[in-house]
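Close look at the chain arrangement
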Amino acid sequence: MKELVEVIASALVDNPEEVEVTETEDENQIVLSLKVAPDDMGKVIGKQGRIAKAIRTVVRAAGSKGNKKIMVDIQ
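The model shown is predicted, which means the values in this text are computed figures rather than measured ones.

Quick look at the overall build of the protein
Counting its secondary structure elements, the protein contains three helices and three strands. In the protein, the order of α-helices and β-strands from amino to carboxyl end is α-β-β-α-α-β. In terms of overall dimensions, the protein is globule-like: its C-alpha atoms have a radius of gyration of 12 Å, near the 11 Å expected for 75 residues. Over its C-alpha atoms, taken along the principal directions, the protein stretches across nearly 35 × 25 × 15 Å. Accessible surface for the protein amounts to roughly 4900 Å². Of this, 50% is attributable to carbon and sulfur atoms.

Brief notes about the pairing of strand 3 (residues 69-74)
Burial along strand 3 is one-sided: the face carrying Ile 70, Val 72 and Ile 74 is buried and the face carrying Lys 69, Met 71 and Asp 73 is not. As paired strands, strand 2 (residues 29-35) and strand 3 are joined by six bridges and run parallel to one another. Each residue of the ladder has a partner; that of Gln 29, found in strand 3, is Lys 69.

Structural notes on the packing of helix 1 (residues 2-12) against helix 3 (residues 50-62)
Where helix 1 meets helix 3, the closest approach of the two axes is 10 Å, and the angle between their N-to-C directions is 155°. In terms of their interaxial angle, helix 1 and helix 3 are classed as roughly antiparallel. For the element pair helix 1 and helix 3, the recorded crossing hand is right-handed. Two secondary-structure elements touch here, helix 1 through Leu 4, Val 5, Ile 8 and Leu 12 and helix 3 through Ile 51, Ile 55, Val 58, Val 59 and Ala 62.

A short note on the sheet that holds strand 1 (residues 20-25)
One open sheet accounts for three strands, arranged 1-2-3; its pairing is mixed. Each edge of the sheet is formed by a strand with only one pairing partner; in this case those strands are strand 1 and strand 3. Each neighbouring strand pair of the sheet contributes to a mean axis angle of 20°, computed without reference to strand direction. Contacts from helix 3 reach strand 2 and strand 3, with the element oriented near 150° to strand 3.

Quick notes on the pattern of salt bridges
If you walk through the whole model with that rule in mind, you get two salt bridges. Here Asp 14 ties to Lys 43 by a salt bridge, and the two come within 2.2 Å at their closest N and O atoms. Pair noted here: Asp 14 is in the loop between helix 1 and strand 1 and Lys 43 is in helix 2 (residues 41-45), with a separation of 29 residues, a long-range link. Owing to a relative accessible area of 54%, Asp 14 belongs among the exposed residues under this scheme. The salt bridge involving Glu 25 is made with Lys 68; its shortest N-O contact spans 2.5 Å. Linking Glu 25 in strand 1 with Lys 68 in the loop between helix 3 and strand 3, this pair joins segments that are 43 residues apart in sequence. On the basis of relative accessibility, which here comes to 30%, the residue Lys 68 falls in the partly exposed class.

Rules and cut-offs
- Residues numbered from 1 in each chain as written.
- Predicted model: local features only at pLDDT ≥ 70, side-chain atom pairs only at ≥ 80, totals over all residues.
- Heavy atoms only, no water.
- Helix = DSSP H or I, 4+ residues; strand = E, 2+ residues; numbered from the N terminus.
- Rg over C-alpha atoms; globule rule 2.2 N^0.38 Å.
- Areas by Shrake-Rupley, 256 points an atom, 1.4 Å probe, with all protein chains shown as cover.
- Buried < 20%, exposed > 50% of the residue type's maximum accessible area, 1.4 Å probe, protein only.
- Pairing = 2+ DSSP bridges.
- Axes fitted to C-alpha atoms, helices over the stretch in contact; angles between N-to-C directions.
- Parallel < 35°, antiparallel > 145°, perpendicular 65-115°, else oblique.
- Left-handed = near helix turned anticlockwise from the far one by under 90°.
- Contact = heavy atoms within 4.5 Å.
- Salt bridge = Lys/Arg side-chain N within 4 Å of Asp/Glu carboxyl O.

Dropping the structure here:
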C-alpha cells in the first residue's frame, strides 16, 4: 500500500523527491501518512478534496482483500 500511495503522489506533485509515506499498523487498521512539500499540498488535495478522496478510494479498493481498515492521512 505504501508504494501505491508514493507512486500516485509522485505523479501529481512538482517535487516528487519530497514525497514521504509512513505506514503505521495496529490490529484493526493501517494508517498511511502522506507528506509532500507545502507548495504541492493543493495538487494532492485538489479542488474540494476530490483528488484526496480519489487516492483514498483507490487505496481502500487495493486493500479490500484484507480485513483491516486502511486510512490515508495527508499532512
